[in-house]
Amino acid sequence: MIKHLRSAADLDAATATLILDTAGEMASLAGREVKKLPTLRGRTVVNLFYEDSTRTRISFEAAAKRLSADVINFSAKGSSVSKGESLKDTALTLQAMGADAVVIRHQASGAPHRLAAWVDGSVINAGDGTHEHPTQALLDAYTMRSRLGRLDGLRVAIVGDVLHSRVARSNVLLLTTLGASVTLVGPPTLIPLDVAALSRSTKVSYDLDSVLPDMDVVMMLRVQTERMQDSFFPSAREYSRRYGLDLARMRRLPEHAIVMHPGPMNRGMEIAPEVADSSRSTIVEQVANGVSARMAVLYLLLGGKA
Amino acid sequence: MTAYVLKGVSVLGASPVDLVVRDGVISSDKSGVSEVVDADGLVALPGLVDLHTHLREPGREDAETVETGSRAAALGGYTAVFAMANTSPVADTAGVVEQVWRLGREAGLVDVQPIGAVTVGLAGKQMAELGAMASSAAGVRIFSDDGHCVADPRLMRRALEYVKAFDGIIAQHAEEPRLTEGAQMHEGEVSTRLGLTGWPAVAEEAIIARDVLLAEHVGSRLHVCHVSTAGSVEVLRQAKARGVRVTAEVTPHHLLLTDELAASYDPVFKVNPPLRTASDVAALREALIEGVIDIVATDHAPHAVQDKECEWAYARPGMVGLETALSVVLSVLGERWDLIAERMSRAPARIAGLAGHGTDLAPGSPANLTLVDPSAHRVVDPGELASRSRNTPYAGTTLPGRIVATFLRGEPTVLDGKAVK
């Protein structure tokens, strides 16, 4: 088993599949009255969050607690970090406290790589800048597999601000590793110039309507309205008209296709409320699956056996 | 003054001779020589001249001082370095450039020639008192806002014109600022993979293209700092073919390293302009050999530990380079001694109008020279650097060549590979 999960590229097909299978076993716990395993009793998991992210932090916290780990939440606000402590000094502090795993969310790409050089425990990337968010990709893959029965050969469209999206990067890497084919869709300003760097097989389209009829999965990315100020697109209205998923567009999808969103959503911008709340939408399931996927990652990285 | 004989030295790779250094000049008079330097197997080069050094004093003496930087330079075979203006306070007045110049004289290890800022506070708004800096004791001839681009085309035009009155030259840091907002590394496949904001090659090329046209229009000289892309080389090639008075430099690291190194997220590889691709490296090497790029300049940029031991995006850009420059150039060009002397000593001295440096090692010439052992190899150990900072990208790398001795006006600054003071 790998020691750190810094990038979805750390996962080969066998490891990724093992994590998804383990997540399945973890999910079966959720139906029990006592939702707790003793597996990580006595182990310490630190949630080191430099960015506000309630949903991801809570998800990791629930995952660690269901495995009986001791959880320390270290948020950048109201801590020594806001007094200007460096990442290295924070890392040395966590090291001295004996953290077995550090879950890090950070606004700088590559912060988990730096952290891994300074602590002995496992480092789990919970989102770094515009780089990656590998556990999101794992829970997305888990959700697709649960709904559609397989990943190999699936056709997945990832739609929106791919350029700035850590969710997109991790999903492209993981889905490609697991045999799915990915099409990135968005205005050309929000698609990286060198998509082949992520995966040679990834396709690009600027026309959402033409892509939808061939997809098994369409994943809508959150689009930040401040991108308008930087001239990535002219207005929320134009973005929504060209790349938003409304009911009419959803009808272009094959009957079995699902709609995903990593949240938080801009309802009415990249996704219409009727679509978000439809039976094709997996958005609430994704949240539940997030806990199972993160339990699997903690369990396996901290030395549990499958 | 002590007289030295450098026994059996090979001047620029020629057959071994005995070279006498006496009263600050090269001499043919062997009488009364008191010190013998065994130079068997060593190659003599004119003392190296660096047109692009950051000495950090005044302001960041924790990263480098004029003295520690001078020592690093001497150990790297340099006898003159040009100190960039982005200190704190900025070297934008006669007072600051004279201070740096005086500190250099006091250290006495290399000739420290201050570069003056083009604009007040490097802010790109108002021209600094270039004439006052030129007339000062420091005798400034090179002006640069390095670290920042003189982006305003009208201000750049005026600066190019204004310095003609005292045969000055503007050294441009070519970076269109709007195209590089938030930029962290070369824009390309690697930046896409790493999720780091890209610094596109066109941001450099567009400014060089504009500036060669401006220099041509007003009939001025232009020097382009740290050229890093194949496209820039093409712009320079065309401009030179048209007769534009433009010169250009490349750093050792842009001749050797590529953007793939950023994959570690270790900011020791973060530099501005950023490391580019292997095809850029190939084009820069070819341009240096051909002469489209005139010189090698280090862009020696020392940084304190805390400014590099952090997240990539928060780290300061830059690498130390004075003590490894010749070795890197040797590994890139091989033992083409005359070419190395031209690109690292004669041409930079000529561009700067610096008398007494970059001259042939003939009787009567100032004894500014360095002795290289081309057969030696060394593994770069950051802890052994004389620079106050440790941010070398070559830690653990084996590089060819070793500086054995350096002489500044006939006095040794380095002997047996060690600084004399």
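The residue count restarts for each chain, going from 1 along the sequence in the order it is written. For naming, the first written chain is A and the first written ligand is 1, with later ones following in the order written. Local features are withheld for residues below a pLDDT of 70 in this predicted model, meaning they are given only at 70 or higher, and side-chain atom pairs are given and counted only at 80 or more; totals for whole chains, interfaces and linings count all residues. Calculated side-chain values reflect all of the structure's heavy atoms, with hydrogen atoms and water omitted.

Colleague: Looking at this structure, how should I read the overall build of chain A?
Modeller: Helix and strand content of chain A: eleven helices and nine strands. Projected onto its principal axes, the C-alpha positions of chain A cover 55 × 45 × 35 Å. Counting only residues that meet the buried cut, chain A has 57% of its 306 residues in that class. Every residue pair with non-hydrogen atoms within 4.5 Å of one another is taken to be in contact. When contacts within chain A are restricted to residue pairs at least 6 apart in sequence, those whose partners lie at least 24 apart make up 73%. Surface accessibility in these figures is a Shrake-Rupley result with a 1.4 Å probe; residues are shielded only by whichever protein chains are displayed. Per element, the accessible surface of chain A, about 12,100 Å² overall, is 49% carbon and sulfur. We count a stretch as a helix when DSSP gives it H or I for four or more residues in a row; a strand needs E for two or more, and each element gets its number in order from the N terminus. Any residue under 20% of the maximum accessible area for its type is buried, any over 50% is exposed, and the rest in between are partly exposed; the area is computed with a 1.4 Å probe on protein chains only.

Colleague: For this particular structure, what's the right way to read the overall build of chain B?
Modeller: Each helix and strand counted, chain B has eleven helices and 19 strands in total. We compute the radius of gyration over the C-alpha atoms and compare it with the globule rule, which gives 2.2 Å times the number of residues raised to the power 0.38. The C-alpha atoms of chain B give 20 Å as radius of gyration, which agrees with the globular expectation for 421 residues (22 Å, within 12%). A principal-axis box enclosing the C-alpha atoms of chain B has dimensions of 65 × 45 × 45 Å. The buried share of chain B, taken over its 421 residues, is 63%. Summarising the internal contacts of chain B: among those between residues at least 6 apart in sequence, 74% fall at separations of at least 24. Surface summary for chain B: the accessible area is close to 14,700 Å², and the carbon and sulfur share equals 50%. When the 38 positive and 54 negative side-chain charges of chain B are each reduced to one mean point, those points stand 4 Å apart. Under this rule, positive means Lys or Arg and negative means Asp or Glu; His and the chain ends count for nothing. For charged residues, the charge sits on one atom: NZ in Lys, CZ in Arg, CG in Asp, CD in Glu.

Colleague: How do you make sense of the packing of helix α5 (residues 134–148) of chain A against helix α6 (residues 166–177) of chain A when you look at a structure like this?
Modeller: Helices that pack against each other are described as a pair by the angle of their axes relative to one another and the distance between those axes. Residue and element names in this part refer to chain A. Whenever a helix is involved, its axis is fitted only over the stretch in contact; in every case the axis is a line through C-alpha atoms, and angles between N-to-C directions fall within 0 to 180 degrees. As a packed pair, α5 and α6 sit with axes 8 Å apart at the nearest point and diverge in direction by 55°. Classified by the angle their axes make, α5 and α6 are oblique. Crossing of α5 against α6: the hand is right-handed. In this structure, α5 uses Pro134, Gln136, Ala137, Leu138, Asp140, Ala141 and Met144 to contact α6, whose residues at the interface are Val167, Ser170, Asn171, Leu174 and Leu175. Put simply, angles under 35 degrees are roughly parallel, angles over 145 are roughly antiparallel, angles from 65 to 115 are roughly perpendicular, and the rest are oblique. Left-handed is the label given to a crossing in which the near helix is rotated counterclockwise from the far helix by less than a right angle, and right-handed is the label when the rotation is clockwise.

Colleague: Any chance you could explain the state of the cysteines here in plain terms?
Modeller: By definition, a disulfide links the sulfur atoms of two cysteine residues through a covalent bond. Residues and elements named next belong to chain B. Only a pair of cysteine sulfur atoms within 2.5 Å counts as a disulfide in this structure description. Scanning the entire structure with this criterion turns up zero disulfides over all chains. Of all cysteine sulfurs in the structure, the one in Cys225 sits closest to Cys149, which takes part in no disulfide; the separation is 9.9 Å. Owing to a relative accessible area of 12%, Cys149 belongs among the buried residues under this scheme.

Colleague: Would you mind going over the sheet that holds strand β3 (residues 101–106) of chain A with me for this structure?
Modeller: Whether parallel or antiparallel, the strands of a sheet pair through hydrogen bonds between backbone atoms. Residues and elements named next belong to chain A. Strand order across the open sheet formed by four strands is β2-β1-β3-β4, with parallel pairing between neighbours. What marks the edges here is a single partner per strand, and that holds for β2 (70–75) and β4 (122–128). For this sheet, the mean inter-axis angle between neighbouring strands, taken without regard to orientation, is 15°. Looking at chain direction, strand β1 (residues 44–49) and β2 are connected through six bridges and run parallel. Residue pairing in the sheet places Phe49 in a bridge with Ser75 of β2. In this scheme, strands are said to pair when DSSP sees at least two bridges between them.

Colleague: Quick question: what am I supposed to make of the sheet that holds strand β14 (residues 246–250) of chain B here?
Modeller: Residue and element names in this part refer to chain B. The five strands are arranged β9-β10-β13-β14-β15 in an open sheet whose pairing can be described as parallel. Where the open sheet ends on each side, the last strands, each with one partner, are β9 (142–143) and β15 (295–296). Taken together, the three bridges between strand β10 (residues 169–172) and strand β13 (residues 222–224) define a ladder with parallel strand orientation. Following the sheet pairing, Ile170 is matched in β13 by Leu222. Lying over the sheet, helix α6 (residues 201–218) contacts β10, β13 and β14, oriented at roughly 165° with respect to β13.

Colleague: How should the pairing of strand β1 (residues 4–11) of chain B be read in this particular structure?
Modeller: Residues and elements named next belong to chain B. The buried fraction of β1 is high, at six of eight residues. Bridging between β1 and strand β4 (residues 35–38) involves four bridges; their strand directions are parallel. Residue pairing in the sheet places Leu6 in a bridge with Val37 of β4. Bridge analysis of β1 against strand β2 (residues 17–22) gives four bridges, and the strand direction is antiparallel. Note on β2: the bridge partner recorded for Tyr4 is Val21. In textbook terms, the turn of a hairpin is the stretch between consecutive antiparallel strands, and for β1 and β2 this stretch comprises five residues, one of which, Leu12, has a positive phi near 50°.

Colleague: Explanation requested: the pattern of salt bridges in the structure shown.
Modeller: Residue and element names in this part refer to chain A. When a carboxyl oxygen of Asp or Glu is within 4 Å of a side-chain nitrogen of Lys or Arg, the pair counts as a salt bridge. Considering all chains together, one arrives at 38 salt bridges over all chains under this definition. Of the charged contacts in the structure, one is a salt bridge between Glu61 and Arg57, with a shortest N-O distance of 2.9 Å. Placement of the pair is Glu61 and Arg57 together in helix α2 (residues 54–66), with a separation of four residues, close to one helical turn. On the accessibility criterion, Arg57 (25% relative accessible area) is partly exposed.

Colleague: How do you make sense of the interface of chain A and chain B when you look at a structure like this?
Modeller: For an interface, size is often stated in terms of accessible area lost upon the parts coming together. Listed by partner, the interface residues are 20 residues for chain A and 18 residues for chain B. Accessible surface is computed with a 1.4 Å probe, and the buried area is the amount of it that two parts give up when combined, taken over both parts together. Both faces combined, the contact of chain A with chain B buries some 1,600 Å², and carbon together with sulfur accounts for 52% of it. Summed over the shared surface of chain A and chain B, the result is three salt bridges. The salt bridge partner of B:Glu309 is A:Lys88, with a shortest N-O separation of 2.6 Å.

Colleague: Looking at this structure, how should I read the domain arrangement of chain A?
Modeller: Residues and elements named next belong to chain A. The split of the chain into domains comes from an automatic or database domain assignment. Each domain of chain A was delimited in the assignment, giving domain 1 (8–132 + 287–301) and domain 2 (134–282). Of note, the centres of domain 1 and domain 2, computed from C-alpha atoms alone, are 25 Å apart. With 31 residues of domain 1 at the interface, the matching set in domain 2 holds 22 residues. Summing the contributions of domain 1 and of domain 2, the shared interface buries around 2,100 Å²; its carbon and sulfur component is 64%. The tally of links between domain 1 and domain 2 comes to two salt bridges. In this structure, Glu51 and Arg166 form a salt bridge, with 3.0 Å as the shortest nitrogen-oxygen distance. Distance and chemistry together define a polar contact, namely a pair of N or O atoms within 3.5 Å, with one atom able to donate a hydrogen and the other to accept it when in protein, and with adjacent residues in sequence counting only for side-chain atoms on both sides. Inspection of the domain 1/domain 2 interface yields eight residue pairs in polar contact (both at pLDDT 80 or more). Tallying contributions element by element places helix α1 (residues 13–29) first for the side of domain 1 that touches domain 2, with nine residues. For this classification, Asp, Glu, Lys and Arg are treated as charged, while Ala, Val, Leu, Ile, Met, Phe, Trp, Tyr, Cys and Pro are nonpolar and the rest, including Gly, are polar. Of the residues in the side of domain 1 that touches domain 2, the class split is 13 nonpolar, ten polar and eight charged.

Colleague: In this structure, what is going on with the packing of aromatic side chains? I would like to understand it.
Modeller: Any aromatic ring pair is given by two values, namely how distant the centres are and how the planes are angled relative to each other. Between 30 and 60 degrees the pair is tilted, below 30 it is stacked and above 60 it is edge-to-face, where a pair is any two Phe, Tyr or Trp rings, Trp via its six-membered ring, whose centres lie within 6.5 Å. Within the structure shown, the criterion is met by five aromatic pairs over all chains. Judged by centre distance (5.0 Å) and plane angle (45°), the rings of A:Phe233 and A:Tyr239 are tilted. Both residues of the pair, A:Phe233 and A:Tyr239, belong to the buried class. Taking the centre distance of 6.1 Å and the plane angle of 75° together, the rings of B:Tyr162 and B:Phe166 count as edge-to-face. The class for B:Phe166 is buried, based on a relative accessible area of 17%. Here a set of aromatic residues connected by ring pairs shows up, and it is made of A:Phe233, A:Tyr239 and A:Tyr243.

Colleague: So what exactly am I meant to see when it comes to the packing of α1(A) against α5(A) here?
Modeller: Residues and elements named next belong to chain A. Contact geometry for α1 and α5: axes closest at 10 Å, N-to-C directions at 70°. The pairing of α1 with α5 is recorded here as roughly perpendicular in orientation. Across from Thr17, Ile19, Leu20, Asp21, Ala23, Gly24 and Ala27 in α1, the residues of α5 making contact are Leu138, Ala141, Tyr142 and Arg145. Residues belonging to the contact of α1 with α5 are distributed by class as follows: seven nonpolar, two polar and two charged.

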